[in-house]
Amino acid sequence: MSTPDVPARAAMAPWLALAAVVIGLDQVSKWVVLDRFAEYERLPVIPGLFDLTLVYNPGAAFSFLADAQGWQRWFFTVLALAASVFIVYLLRQARRGQWLFPFALAMILGGALGNVIDRLVHHKVVDFLLFFQHPWYFPAFNLADSAITLGAICLILDEILRWRRGRTSDAVQSPR
């Protein structure tokens, strides 16, 4: 029987706490919208640009598979839970001193689990942030989606920075 890696767990704690904060903020924002809005009701925040509105998405990003027969709820739930397990594994692998990579993972983890909660409780995802410039509308989204997007951007940035550091160290090590 192996002993738990206490330093790895301690290093993960702040990132898991960040994921929990993302989940909390996401769920509280959704509860407020669910309590105050009827479906499709809109409240202009910045007229002609940004409204709050309650819409449901039984699919994935951009309503992908929203018209499926209901199996997509379980498919996306299992997919998000599997991704969450993998993200926790990656968080355990993060080195001390890294911040962008585990930050990105924590944001994605929190966002994924925030939407999983919706799928389990409401059978669909609660969306309420609507940006538009008539006649163009961006699909409504929520704080969990925003966290996932920010996390993905940070993962890409972390990879670019890692690649550049690798190229710089290669240039320093190899004489010309």
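To start, this report covers the structure provided alongside it. (Residues numbered from 1 in each chain as written. Predicted model: local features only at pLDDT ≥ 70, side-chain atom pairs only at ≥ 80, totals over all residues. Heavy atoms only, no water.)

## A short note on unusual backbone geometry
Cis geometry marks the peptide bond from His-134 to Pro-135; its omega dihedral reads 10°. Inspection of the secondary structure puts Pro-135 in the loop between strand 3 (125-133) and strand 4 (136-137). Unusually for a residue other than glycine, Tyr-40 sits at a positive phi of about 70°. Of note, Tyr-40 is situated in the loop between helix 1 (6-36) and strand 1 (42-46). Here His-123, not a glycine, exhibits a phi torsion of approximately 70°, which is positive. (Helix = DSSP H or I, 4+ residues; strand = E, 2+ residues; numbered from the N terminus.)

## Some details on the pattern of salt bridges
Applying the stated criterion across every chain, the model contains four salt bridges. Where Lys-30 meets Asp-118, a salt bridge forms, and the shortest distance between an N and an O atom there is 2.7 Å. Of this pair, Lys-30 sits in helix 1 while Asp-118 sits in helix 3 (residues 100-121), placing them 88 residues apart in sequence. Exposure class is identical for Lys-30 and Asp-118. Each is buried. The shortest N-O distance in the salt bridge between Glu-159 and Arg-162 comes to 2.3 Å. In this pair, Glu-159 and Arg-162 both sit in helix 4 (residues 143-173), three residues apart, roughly one turn of the helix. When salt bridges that share partners are traced, they join Asp-26, Lys-30 and Asp-118 into one network. (Salt bridge = Lys/Arg side-chain N within 4 Å of Asp/Glu carboxyl O. Buried < 20%, exposed > 50% of the residue type's maximum accessible area, 1.4 Å probe, protein only.)

## Describing helix 3
Given a rise of 1.5 Å per residue, 22 residues ought to cover 32 Å, and the 32 Å separating the end C-alpha atoms of helix 3 matches this to within 8%. Within helix 3, 17 of the 22 residues are buried, leaving the element largely enclosed by the surrounding structure. (Expected span 1.5 Å × (residues − 1).)

## Some details on the packing of aromatic side chains
By the definition in use, this model includes six aromatic pairs. Measuring from centroid to centroid gives 5.9 Å for Phe-131 and Phe-141, while their planes differ by 15°, and the two rings are stacked. Taken as a pair, Phe-131 in strand 3 and Phe-141 in the loop between strand 4 and helix 4 lie far apart in primary sequence, 10 residues in all. Both rings, one in Phe-132 and one in Tyr-137, keep their centres 5.2 Å apart while their planes meet at 15°; by these two values the pair is stacked. A connected cluster of aromatic rings, assembled from ring pairs, spans Phe-50, Phe-131, Trp-136, Phe-138 and Phe-141. Positioned above the aromatic ring of Phe-132 is the side chain of Arg-42, whose terminal nitrogen or guanidinium carbon lies 5.0 Å from the ring centre. Here Lys-124 stacks its cationic end above the ring of Tyr-56, 4.9 Å away from the centre of that ring. (Phe/Tyr/Trp six-rings, centres within 6.5 Å; stacked < 30°, edge-to-face > 60°. Lys NZ or Arg CZ within 6 Å of the ring centre and 35° of its normal.)

## With respect to the side chain of Lys-30
Looking at Lys-30, the relative accessible area reads 1%, which means it is buried. Side chain to side chain, Lys-30 and Asp-26 meet in a polar contact 2.8 Å long. If sequence neighbours within four positions are ignored, Lys-30 has contacts with Gly-114, Asn-115, Asp-118, Val-126, Phe-128, Asn-142 and Ala-144. (Polar contact = N/O pair within 3.5 Å; in protein donor to acceptor, adjacent residues only side chain to side chain. Contact = heavy atoms within 4.5 Å.)

## What to know about the environment of Gly-24
Positionally, Gly-24 belongs in helix 1. Considering only alpha carbons, one finds Gly-24 and Ala-144, 120 residues apart in sequence, at a separation of 9.9 Å.

## Focus on the pairing of strand 2 (residues 50-57)
Across the eight residues that make up strand 2, a large majority, six, are buried. Of the pairings in the sheet, the one linking strand 1 to strand 2 comprises four bridges and is antiparallel in character. Bridge assignment links Ile-46 to a residue of strand 2, and that residue is Phe-50. Here strand 1 hands over to strand 2 after three residues, with Gly-48 in that stretch at a positive phi of 80°. Bridge analysis of strand 2 against strand 3 gives six bridges, and the strand direction is antiparallel. Considered in strand 3, the bridge of Tyr-56 is made with Val-126. (Pairing = 2+ DSSP bridges.)

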